Amino acid sequence: MPTNFTVVPVRDGPRKTRRVGSVAEEEDEEDVDDNNVLRETREDTPGDGTPKECSPFINNTDNDKANSYDGKNMALFEEEMDSNPMVSSLLNKLANYTNLTQGAQEHEEADEEEAGPKKQTVKSPEMGTFMGVYLPCLQNILGVILFLRLTWIVGTAGILESLAIVGMCCSCTMLTAISMSAIATNGVVPAGGSYYMISRSLGPEFGGAVGLCFYLGTTFAGSMYILGTIEILLEDEVVALHNNMRVYGTCCLALMALVVFVGVKYVNKLALVFLACVILSILAIYAGVIKTAFEPPDFPVCLLGNRTLQNQNFDKCLKTEVVDNVTVTTKLWQLFCDGPELNATCDEYFDLNNVTMIQGIPGLTSGVISDNMWSDYGPLGMLVEKKGQPAVLAADSSRDVYLPYVVNDIASFFTLLVGIYFPSVTGDLRDAQKSIPIGTILAIATTSFIYFTTVVLFGACIESVLLRDKFGDSVKGNLVIGTLSWPSPWVIVIGSFFSCCGAGLQSLTGAPRLLQAIARDGIVPFLAVFGHGKANGEPTWALLLTAGICSS
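Residues numbered from 1 in each chain as written. Predicted model: local features only at pLDDT ≥ 70, side-chain atom pairs only at ≥ 80, totals over all residues. Heavy atoms only, no water.

Things to note about helix α6 (residues 129–141)
Working step 1: Helix length check: α6 (13 residues) gives 17 Å between terminal C-alpha atoms against 18 Å at 1.5 Å per residue, within 8%.
Working step 2: Counted residue by residue, α6 has 11 buried out of 13 residues, so it is predominantly covered.
Working step 3: Among the residues of α6, those classed as buried are M131, G132, V133, Y134, L135, P136, C137, L138, Q139, N140 and I141. (Helix = DSSP H or I, 4+ residues; strand = E, 2+ residues; numbered from the N terminus. Expected span 1.5 Å × (residues − 1). Buried < 20%, exposed > 50% of the residue type's maximum accessible area, 1.4 Å probe, protein only.)

So, the pattern of salt bridges
Working step 1: Tallied over the entire structure, the rule returns seven salt bridges.
Working step 2: For R399, the salt bridge goes to D347, with nearest N and O atoms at 3.5 Å. Of this pair, R399 sits in the loop between β7 (355–359) and α15 (432–461) while D347 sits in the loop between α13 (331–336) and α14 (348–352), and the two are 52 residues apart along the sequence.
Working step 3: Residue classification places D347 among the buried residues on the basis of a relative accessible area of 8%. (Salt bridge = Lys/Arg side-chain N within 4 Å of Asp/Glu carboxyl O.)

Considerations on the side chain of R513
Working step 1: With respect to the element layout, R513 can be found in helix α18 (residues 489–521).
Working step 2: By relative accessible area, which is 8% here, R513 ends up buried.
Working step 3: At 2.7 Å, the side chain of R513 forms a polar contact with the backbone oxygen of T509. (Polar contact = N/O pair within 3.5 Å; in protein donor to acceptor, adjacent residues only side chain to side chain.)

Quick notes on the environment of V456
Working step 1: As for its position among the elements, V456 is in helix α15.
Working step 2: Sequence separation between V456 and S162 is 294 residues; the distance between their C-alpha atoms is 9.0 Å.
Working step 3: Ignoring any residue separated from it by four or fewer positions in sequence, one finds V456 in contact with I159 and L163. (Contact = heavy atoms within 4.5 Å.)

Quick notes on the nonpolar core
Working step 1: Residues Y451, I462 and L466 are the most contacted members of the largest nonpolar core, which totals 48 residues.
Working step 2: Those elements giving two or more residues to this core turn out to be α7 (144–184), α9 (204–233), α12 (271–291), β3 (300–304), α15, α16 (464–467), α17 (480–484) and α18.
Working step 3: It is α7 that contributes the most residues to this core, 11 residues altogether.
Working step 4: Discounting chain neighbours no more than four positions away, the residues touching L466 are F299, V301, G360, I361, S474, V475 and V480.
Working step 5: If you look at the next biggest cluster of nonpolar residues, it comprises 17 residues, including L304, L332, L383 and L403. (Core = buried A, V, L, I, M, F, W, Y, C linked by side-chain atoms within 4.5 Å.)

Quick look at the structure:
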């Protein structure tokens, strides 16, 4: 039985009917083709003359169907990679990458609406696990500790105890991330960041207590990042650790707070730059470590006996030198003696011991890993000495504190290694219940691997006295990791600077909004004033309090 029918409009008037097979067909004064299909004579009919307008049915013929859907994708579901190439999709996500919390993005949109006439905005694409959670977490975890303090931790605690310290820190962060994942997968994840997720899931009282600790931790982390930024800028300054740190740190804090106050959209524009700097710096460290196996860098450290000297006021690791067949004293001689003459009175330890120069980064094949395997703790102010180096002790050591020796420093704490901003979830997640646990745990696992491997690699290719030199006094304040990296030390200098600067901006951006959210919940009555801000909701008062805590 035929399954296709062609329906055509007919006119009143004489017509004749004939039966073809079992199907009755009505014929007007039109012609009939060879296929027994009626052919209509073109006449004026209502509509625009197209079969779709003339016919009482929407889809007139199969050809009309093809013309109607021509150029349209009628698929109910389509994979993204079927329509967009992989590279194009990744570049699109990178272009829309942001490291701001959802509340900060809402304030940014409100600023744009107030700035000018309303215009139609295109909603940014929903983020997946990689772009929305994994990369922002990496950016917040890797920072000042890795670039400035991890070498000192390895030199002081040794490789084995450093691995234990990093293991404990990673265990704390991983357990916290697992607990957060249990909350995230227990129900619908509300908007507003980790505080809202905790308070809306476990109750406002518990969320407020955790939120206040979270706020203080983020604020103190911001001050730590700012100090790291200033230390990188003042690496060549002799008195960088005294009042200069306070003055320049306060100026840097005021500048960052001004940028956050003007608008978080400027922080958003720099998020991708900061992320790229962190990734390139990590790759440069691994490349430099591999290069030391066959071509170690020239990075000398000057020793007097077995004591490490501060290489700030002399250029040659020599007591005397021959110039035009005449023996003359050097600047190092004048630091330990009361005059430049060869018969001047000098320090007893200086007279009894020779000056030697060793390479600070001898490389992977040098065997220094055995010297750095165990810890070498000491009290504050103890001289940094090389084990196994011959030396003759002086009878009177009272003047050692006034001489240019590198001394021990123990002013670092375990909590500095745990300063991780866990739920660095940015923008709108496609599937928050899936992305938050997977992205956060993978980021912590990745950074744990980086920390574990760098601990072993630093201990395997860097001299112990240089590792224990916390501020790089023996190498004129240069960054040890910068010299170790490849192809240039400036990769680490620029990368660590932008990394610390970006992390500080993120702390100053997230902490005030966290305090504002706590204040608006009314959990702590005297914090209600910090729930107010600009017309668009920007937390002005909370930002002032955060900047004040950081500066103190």
